[in-house]
Amino acid sequence: MFDLSSLRDRADREFTSALASAMLQENIIDERIADTARLGINALSLSSPYESPLSTLKENCPDFYYISEAYLGELGLFGNLFRLQLQHSVKMLNNCLEDQGDRILQRAELFFNRPFYFYRKGIANSQGLFSSVLVDLSDSIWQQMRQLDIASAQLRNIVFVDSDSDGSKLTQSLAKHIQQCEESKFSVPFRAENSAIREVGNIGENIGALLGNYSEIILENLAPDQSNTKAGLIGAEINAISSGLKNINFKICQDLKDWEQQAQSCLLLIERMVVKLVDLFDETTVHLTAKNLSFPQFATQAIYRVLTQKLLSSGHAPLEARQAAQKMADYCERNNLPLSDLTLVEASKINPSISEDILTWMIEKDGDSRMSHNRTEEKSAALVKFESLKNNFRPVND
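In this report, we go over the structure that sits alongside the text. Computed from a predicted model, the values in this text were never measured in an experiment.

### Structural notes on the overall build of the protein chain
- Secondary structure assignment for the protein chain yields 14 helices and four strands.
- Taking all 398 residues of the protein chain together, 49% fall into the buried category.
- Taking all contacts inside the protein chain whose residues are at least 6 apart in sequence as the whole, residues at least 24 apart take part in 77%.
- Here the protein chain has roughly 19300 Å² of accessible surface; of this, 48% comes from carbon and sulfur atoms.

So, in structure tokens, the structure goes:
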């Protein structure tokens, strides 16, 4: 789904083609040299393992490489190439987060009326709606995407090394041919890259911790007999990758070989992060399926006990009370309805002996001060946020 090698090949071809076109426009090279460079970079994309395009151009297209180096220098060449490669990798991560955020949002539709219990030390101490929890998780992912966009915005600027008149003209022309933005601004080498790489590391840690927490509380609701050991191991791998990224620091005083080695490490770490994040999303959402929509067993039993007690105290025969209570519990389980969402019309259809007073008493008995709240307002708030996120992840114009 996410292929780093194809992204790097695309960036390499885009950069080489843009540089060749810019040098042609400035009358620095002729068509023969430009075509040689383009053919050389296309051949490079077929090679395995991945090789640095600059080193390959230097070996196979020396005229093109040395002329471009004379105008931009190694720093200008590598800086703009790596900035384009990093843009593609960050976009790959952003696409991953968008896909998974949308995936969780769709689960929120599926689980709309499903109650959700928040646990502390194995005891449910508050209750909400599954849809609200999943919408909030999706919103958190969206917020991380926004942070990633902010961090990577400076990567759309062109690397500017010095104020030499000819080199400056070529840099401006290169910016137009790369088409990173309508009016490219210039920035010093590696400042934007180092900042963006650190932010990718931070976002990896944030998403890993977020999903680890949600994975645990989702399991407590849908598969309480299972552990989230696998999610914990994946989260630890993501943390290690994030630490590796935050330790990367490009410096102007290094040489081309050092830059290329660091670039290779950086891009591979981002690729691994994307793969592990997908694994963690899968582990977090594996139980969010239609077959797991049934009420938690203890919730069904609670409805049964509460109604049985009330009917017995109201003078009903034990067998009659038991059968009526069982019907009510089964109805709530089939329709994913907690007692607080049950209407009098629904209750009276299930059993005519259930009056408004009995239903009100049941709801009050079932929901103590820790568990009760107005879920109508919660549903409304979740729907508003849901619609907004749906447009963010799946814009109507796309």
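From this point, the discussion proceeds with the structure in view.
### Regarding the nonpolar core
- Phe-64, Leu-86 and Leu-245 are the most contacted members of the largest nonpolar core, which totals 88 residues.
- Those residues in contact with Leu-245 that lie beyond four places of it in its chain are Ile-197, Val-200, Gly-201, Cys-266, Leu-269, Ile-270 and Met-273.
- Counting residues in each nonpolar core, the second largest holds 16 residues, with Val-306, Met-328, Leu-342 and Met-362 among its members.

### Let's talk about the environment of Asp-63
- With respect to the element layout, Asp-63 can be found in helix 4 (residues 62-110).
- Once the C-alpha coordinates of Asp-63 and Ile-33 are considered, the two residues, 30 residues apart in sequence, prove to be 7.0 Å apart.
- Apart from the residues within four sequence positions on either side, Asp-63 is in contact with Arg-32 and Ile-33.

### Here's the deal with the packing of helix 8 (residues 229-246) against helix 9 (residues 256-285)
- Two elements in contact, helix 8 and helix 9, have axes separated by 9 Å at closest approach and are oriented at 160°. Comparing the axis directions of helix 8 and helix 9 gives the class roughly antiparallel. Crossing hand, helix 8 versus helix 9: left-handed. Across from Lys-230, Ala-231, Ile-234, Glu-237, Ile-238, Ile-241, Ser-242, Gly-244 and Leu-245 in helix 8, the residues of helix 9 making contact are Cys-266, Leu-269, Ile-270, Arg-272, Met-273, Lys-276, Leu-277, Asp-279, Leu-280 and Glu-283.
- Taken together, the residues of the contact of helix 8 with helix 9 break down into 11 nonpolar, two polar and six charged.

What counts, and where the lines are drawn
Residues numbered from 1 in each chain as written. Predicted model: local features only at pLDDT ≥ 70, side-chain atom pairs only at ≥ 80, totals over all residues. Heavy atoms only, no water. Helix = DSSP H or I, 4+ residues; strand = E, 2+ residues; numbered from the N terminus. Buried < 20%, exposed > 50% of the residue type's maximum accessible area, 1.4 Å probe, protein only. Contact = heavy atoms within 4.5 Å. Areas by Shrake-Rupley, 256 points an atom, 1.4 Å probe, with all protein chains shown as cover. Core = buried A, V, L, I, M, F, W, Y, C linked by side-chain atoms within 4.5 Å. Axes fitted to C-alpha atoms, helices over the stretch in contact; angles between N-to-C directions. Parallel < 35°, antiparallel > 145°, perpendicular 65-115°, else oblique. Left-handed = near helix turned anticlockwise from the far one by under 90°. Nonpolar A, V, L, I, M, F, W, Y, C, P; charged D, E, K, R; others polar.

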